[in-house]
Amino acid sequence: MLSVEALTVRADGVELVREVSFGIAPGERVGLIGESGSGKSLTALSLMGLLPEGVSATGSATLQDQPLLGVPDKRVKGLRGRVVSMVFQEPMTALNPTMRVGAQVSEVMTLHGVPRAEARERALDLLGRVGVEAPRAYPHQLSGGQRQRVMLAIALANEPSLLICDEPTTALDVTVQKQMLELIVELAPAVLFITHDLAVVASVCSRVLVMYGGRVVESGPLREVFTNPRHRYTEGLLAASKLTPRGTRLPIIPGAVPSRFPSGCPFRDRCAHASPACESDPALTGEGHAYACWHPRD
Amino acid sequence: MPTPAGTPVIEARDLTRVYRASRFKPGVEALRGVSLDIGRGERFGIVGESGSGKSTLLRLLCGLDRPTSGSVRFEGREITGLGERQLRFLRDDLQIVFQDPMSSLDPRMRVRDIVAEPLVALGRPVGDRVAQLLTEVGLPASAADRYPHQFSGGQRQRIAIARALAPNPKVLVADEPVSALDVSVRGQILNLLADLIDTHGLTLVFVSHDLSVVRHVCESVAVMHRGVVVERGLVDDVWSRPQHDYTRTLLQAVPTLEGLL
């Protein structure tokens, strides 16, 4: 359904995302994980046609045989919110503070040609399904969790075939996060779920892509990747996510995500297994469970 | 495990804090009768979600706000109602590390001046203390000449920790110190905090929304919900045998890799 081939995102000649390829089938929920600066949000924004000025994407991305990349703004506008839509991290900045939430949900439908009365009716229904029974409220009158559920209603209003979620629960309390994740699983058609939280991705997705330095370094069925990671970065990330008993040292990945990644394997300057071989680019290889590492974990 | 000996370092008694109604907002009872003792050398966690009152409690314990009623004693000395001048001893003995090192570090100040600021404010000599503190938190001495934006999130949190240690405090208060950090860096900061608490014999008050992080760091915990402490005890007991409904809800809501794979 969604097919991304060799997606590369550049700004000022610097490659921020490099040759990313993946697909999502109808009904599938795929996680895109990585730390800040790994390129996961840029990957999502290029699919939405929302890259900032001066940042451009090459490669190809098609959703139900409609191209998403390299098409005129006008056409992308027709697709955005209808075929593919997105839920962002911070609902307060994404919602219009001066408009009642019910009107904001119906607006996205009338923009795509749904008659006003029908849009209003469907907006009420959608808000009911996400559990916000206050269509006449303004965003500031709602809690963070309610606002994020309004965002979900807006994103789903035109029955898109793909929902992109970019850290949709990072700003929420854990009890509220749980409700939101359950709603996404229940209502979304197919999901690209971006997060830095491995436990969150494990509770939503069946397949996962691990990004580091703008590249997909490992991908495959979630359970397989998380229990038998091959790339040294994935291994380190999983180890660092587990909290060991009090009084013990936590496993760490040395250093921090750099602003400029080294050539060859982007992880080699933080990797304990790096060798001269890592100066050349490892390819993402493997059927099903793939990884790009010269010295994979056994 | 250090046992609280003698008087607790911090004693809070029946704290309430009511934010008065304004034209735009109804009044809120942010804290409703909270009492707790934090012993010397103890690692004490405060867990709660937004609106639980944990930030309000923290501000009162640190002498940054006055309770509507109740009292806070620091090493036996009443701190509620004292003026800033009389609170100088507290500014010496208790230091805070905040969640977001980007907003808690002045972007226009060099790291040298940021780390030295508590000493300067207290009129103490700086000497080579800055270099010594930077080394202690794992930063090169050359970091002193640079500005906060030139560092990563984890390094900025190290700078904030160096600043907090400058006046040789007895109590370190950490308010969600790793919530804004990447997973790969979180462990570095938690390990560093554990080391510093050991070498300096600090008492730690650690505030978090995440009981699993608190369990790694602290031996005791208070769980807050809607302005009251609903449960407190040794963190291992609270973790494995939660008594209050809210604690159970909180524990079940946190997704864990171990539980999902």
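Residues numbered from 1 in each chain as written. Chains lettered and ligands numbered in written order. Predicted model: local features only at pLDDT ≥ 70, side-chain atom pairs only at ≥ 80, totals over all residues. Heavy atoms only, no water.

- Looking at an unreviewed UniProt entry, one finds chain B named Peptide/nickel transport system ATP-binding protein, with Nonomuraea dietziae as its source organism.
- Turning to chain B, the UniProt record has this under Sequence similarities (unreviewed entry): "Belongs to the ABC transporter superfamily." (UniProt positions renumbered as here; feature names shortened; annotations may be inferred.)

- Going by the annotation in an unreviewed UniProt entry, the name recorded for chain A is Oligopeptide/dipeptide ABC transporter ATP-binding protein, with Nonomuraea dietziae given as the source organism.
- For chain A, the Subcellular location (unreviewed entry) comment in UniProt is given as "Cell membrane".
- Recorded under Sequence similarities (unreviewed entry), the UniProt text for chain A is reproduced unchanged: "Belongs to the ABC transporter superfamily."

Focus on the sheet that holds strand β2 (residues 14-24) of chain A
Residues and elements named next belong to chain A.
Here is step 1: What the four strands build is an open sheet, ordered β2-β1-β4-β5; its pairing is antiparallel. Looking at strand neighbours, the two that pair on one side only are β2 and β5 (66-67), the edges of this open sheet.
Here is step 2: Pairing between strand β4 (residues 55-63) and β5: two bridges, direction antiparallel. Counted as the bridge partner of T62 is P67 from β5. (Pairing = 2+ DSSP bridges. Helix = DSSP H or I, 4+ residues; strand = E, 2+ residues; numbered from the N terminus.)

Considerations on the state of the cysteines
Residues and elements named next belong to chain A.
Here is step 1: By the definition in use, this model includes zero disulfides over all chains.
Here is step 2: Residue C205 stays outside any disulfide, its sulfur separated by 8.7 Å from that of C165, the closest cysteine.
Here is step 3: Take C271: it sits in no disulfide, and the sulfur closest to it among the cysteines is that of C293, at 6.2 Å.
Here is step 4: We classify C271 as buried; its relative accessible area is 18%. (Disulfide = S-S within 2.5 Å. Buried < 20%, exposed > 50% of the residue type's maximum accessible area, 1.4 Å probe, protein only.)

Let's talk about the nonpolar core
Here is step 1: Residues V105, M109, V150, L152, F193 and F226 of chain A are the most contacted members of the largest nonpolar core, which totals 61 residues.
Here is step 2: There are two domains that each give this core at least three residues, and those are domain 1 (2-83 + 160-291) and domain 2 (95-158) of chain A. (Core = buried A, V, L, I, M, F, W, Y, C linked by side-chain atoms within 4.5 Å. Domains from an automatic or database assignment.)

What about the interface of chain B and chain A?
Note on interface size: it is often stated as the accessible area lost on association of the parts.
Here is step 1: Counting residues at the interface gives 34 residues for chain B and 37 residues for chain A.
Here is step 2: Each partner contributes to the roughly 2900 Å² buried at the junction of chain B and chain A, and carbon and sulfur atoms together form 58% of this total.
Here is step 3: Three residues stand out in chain B for area buried against chain A, namely H216, L257 and L261 of chain B, and they jointly supply 23% of the buried area on that side.
Here is step 4: Our count for the chain B to chain A interface comes out at two salt bridges.
Here is step 5: In this structure, D195 of chain B engages R249 of chain A in a salt bridge whose closest nitrogen and oxygen atoms are separated by 2.6 Å.
Here is step 6: In this structure, the connection of chain B to chain A is made through 16 residue pairs in polar contact (both at pLDDT 80 or more). (Contact = heavy atoms within 4.5 Å. Buried area = accessible area lost by both parts, 1.4 Å probe. Salt bridge = Lys/Arg side-chain N within 4 Å of Asp/Glu carboxyl O. Polar contact = N/O pair within 3.5 Å; in protein donor to acceptor, adjacent residues only side chain to side chain.)

Details of empty space enclosed by the protein
All names here are of chain A.
Here is step 1: Counting across every chain of the model gives two cavities of 30 Å³ or more.
Here is step 2: The computed volume of the largest cavity comes to approximately 50 Å³.
Here is step 3: Lining the largest cavity are H231, R232, C265, F267, R268, C271, A274, C278, C293, W294 and H295.
Here is step 4: Taken together, the residues of the lining of the largest cavity break down into seven nonpolar, two polar and two charged.
Here is step 5: Of the volumes computed, that of the second largest cavity is approximately 30 Å³.
Here is step 6: Lining the second largest cavity are L47, M48, L68, V76, L79, R80 and V84.
Here is step 7: Split by residue class, the lining of the second largest cavity holds six nonpolar, no polar and one charged. (1 Å grid on protein atoms, 1.4 Å probe; cavity = no way out; pocket = protein on both sides within 12 Å on 5 of 7 lines; lining within 4 Å. Points joined across faces, edges and corners; volume = space filled by probe spheres on them. Nonpolar A, V, L, I, M, F, W, Y, C, P; charged D, E, K, R; others polar.)

Points about the pattern of salt bridges
Here is step 1: Within the structure shown, the criterion is met by 27 salt bridges over all chains.
Here is step 2: The shortest N-O distance in the salt bridge between D281 of chain A and R215 of chain A comes to 2.6 Å. Taken together, the residues D281 of chain A in the loop between α10 (232-241) and β11 (290-291) and R215 of chain A in strand β10 (residues 215-221) connect sequence positions 66 residues apart.
Here is step 3: You can call D281 of chain A partly exposed: its relative accessible area is 35%.
Here is step 4: What makes R215 of chain A buried here is its relative accessible area of 14%.
Here is step 5: E84 of chain B is paired through a salt bridge with R91 of chain B; the nearest N and O atoms lie 2.7 Å apart.
Here is step 6: Of the residues examined, R91 of chain B reaches a relative accessible area of 19% and is grouped as buried.
Here is step 7: Beyond isolated ion pairs, a larger network of salt bridges with shared partners links R10, E15, R18, R215 and D281 of chain A.

Some details on the sheet that holds strand β5 (residues 77-78) of chain B
Residues and elements named next belong to chain B.
Here is step 1: Ordered in space as β2-β1-β4-β5, the four strands form an open sheet in which the pairing is antiparallel. If you trace the sheet from one side to the other, it starts and ends with β2 (28-38) and β5, each paired once.
Here is step 2: Where helix α1 (residues 54-61) meets the sheet, its contacts fall on β1 (10-19), β2 and β4 (69-74), and the angle it forms with β1 comes to roughly 125 degrees. (Axes fitted to C-alpha atoms, helices over the stretch in contact; angles between N-to-C directions.)

A word on the confidence of the model for chain B
Here is step 1: Averaged over every residue, the pLDDT of chain B is 91; the share at 70 or more is 98%.
Here is step 2: Scored by ipTM, the complex comes to 0.83, with pTM at 0.88. (pLDDT = per-residue confidence, 0-100.)

Things to note about the domain arrangement of chain A
All names here are of chain A.
Here is step 1: Split into domains, chain A comes out as domain 1 (2-83 + 160-291) and domain 2 (95-158).
Here is step 2: With centres defined by C-alpha atoms, the gap from domain 1 to domain 2 works out at 29 Å.
Here is step 3: The partner domain 2 presents eleven residues to the 17 residues of domain 1 that form the contact.
Here is step 4: For the pair domain 1 and domain 2, the summed buried area comes to about 1200 Å², and 72% of that belongs to carbon and sulfur atoms.
Here is step 5: Three residues, M180, L183 and L187, lead the burial of domain 1 against domain 2; their summed loss comes to 38% of the area buried on that side.
Here is step 6: At the boundary of domain 1 with domain 2, the tally comes to zero salt bridges.
Here is step 7: Elements with a minimum of two residues in the side of domain 1 that touches domain 2: α2 (73-79) and α7 (174-187).
Here is step 8: The greatest single-element share of the side of domain 1 that touches domain 2, amounting to six residues, is contributed by α7.

Here's the deal with the packing of aromatic side chains
Residues and elements named next belong to chain A.
Here is step 1: Counted under the stated rule, the structure contains five aromatic pairs over all chains.
Here is step 2: Consider the rings of Y212 and F261, whose centres lie 5.4 Å apart with planes at 80 degrees: the pair is edge-to-face. Taken together, the positions of Y212 in strand β9 (residues 207-212) and F261 in the loop between α10 and β11 put the pair 49 residues apart, joining distant regions of the chain.
Here is step 3: What makes F261 partly exposed here is its relative accessible area of 25%. (Phe/Tyr/Trp six-rings, centres within 6.5 Å; stacked < 30°, edge-to-face > 60°.)

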